[in-house]
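The chain contents come next:
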Amino acid sequence: GYTSTLDFDTEISTHTHDGWEFLFVKNGELTYTVDGSAFDIKPNCLIISRPGAVHTLRAKGTVHYERYGFVVTEHLLSKEIMEKLPAEVHVLNIAENSIMLEIFEKIGFYISNLQRQLLETVLTNLLGELWVNIYLGAKNNICY
């Protein structure tokens, strides 16, 4: 399934998901903690939370931040890429990847403008492209 969130000011308490969570931070500075490791998050970071990973997201101070986020079930993602993505990859800096930035802008647009069935079709296609770019980004060491 898909969910979209935008414009948060508060801490997201410690939790897990059954699927993969992808959070693209548009603005603001945050701390992302996953399985006991903390990462400093800045604009244009993509946070990747694996199924079952215990994680928390906090804005630094009282700073407002914006993000796009969604959770995806594993069957919608390439198993081949899932197996190749290193376990230590949790955050990618995608500031230089115009393709990934465009994908998140498209996702935001489609979530705002399409009904569920057509939205799922479009998002499934965009997720395939996003997933390939996550793999390429990790392979090219744009990880934090």
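Treat the numbers as computed from the prediction; the structure is a model and nothing was measured. (Residues numbered from 1 in each chain as written. Predicted model: local features only at pLDDT ≥ 70, side-chain atom pairs only at ≥ 80, totals over all residues. Heavy atoms only, no water.)

**What to know about the sheet that holds strand β4 (residues 37–41)**
Strands belonging to one sheet form pairs held by backbone hydrogen bonds; the direction of such a pair is parallel or antiparallel.
Part 1 of the argument: One open sheet accounts for 4 strands, arranged β1-β6-β3-β4; its pairing is antiparallel. In the strand order of this sheet, the two ends are held by β1 (12–15) and β4, each with one partner. The sheet shows a mean angle of 15 degrees between the axes of neighbouring strands, direction not considered.
Part 2 of the argument: Here 2 bridges tie β1 to strand β6 (residues 55–59), and the two strands are oriented antiparallel to one another. Bridging from a neighbouring strand, H15 pairs with H55 of β6. (Pairing = 2+ DSSP bridges. Helix = DSSP H or I, 4+ residues; strand = E, 2+ residues; numbered from the N terminus. Axes fitted to C-alpha atoms, helices over the stretch in contact; angles between N-to-C directions.)

**A look at the confidence of the model for the chain**
Part 1 of the argument: Looking at the chain as a whole, the pLDDT averages 83, with 88% of positions reaching at least 70.
Part 2 of the argument: For the chain, β1 is the element with the lowest average pLDDT, namely 81, and strand β5 (residues 45–49) is the one with the highest, namely 94.
Part 3 of the argument: The low-confidence segment residues 1–9 (pLDDT under 50) makes 32 contacts with residues lying over four places distant or belonging to another chain. (pLDDT = per-residue confidence, 0-100. Contact = heavy atoms within 4.5 Å.)

**Topic: the nonpolar core**
A general tendency of soluble globular proteins is for nonpolar side chains to be buried together.
Part 1 of the argument: Ranked by size, the top nonpolar core spans 28 residues in total, and within it F22, L46, F104, W131 and I134 carry the most contacts.
Part 2 of the argument: Elements supplying a minimum of two residues to this core: β2 (20–27), β5, β7 (66–72), α1 (79–84), α2 (98–113) and α3 (116–139).
Part 3 of the argument: The leading source of residues in this core is α3, at 9 residues.
Part 4 of the argument: Apart from residues no more than four positions distant in its own chain, F104 is found in contact with F24, L46, Y68, F70, I94 and L130.
Part 5 of the argument: I12, L23, I41 and L57 belong to the second-largest nonpolar core, a separate cluster that totals 15 residues. (Core = buried A, V, L, I, M, F, W, Y, C linked by side-chain atoms within 4.5 Å. Buried < 20%, exposed > 50% of the residue type's maximum accessible area, 1.4 Å probe, protein only.)

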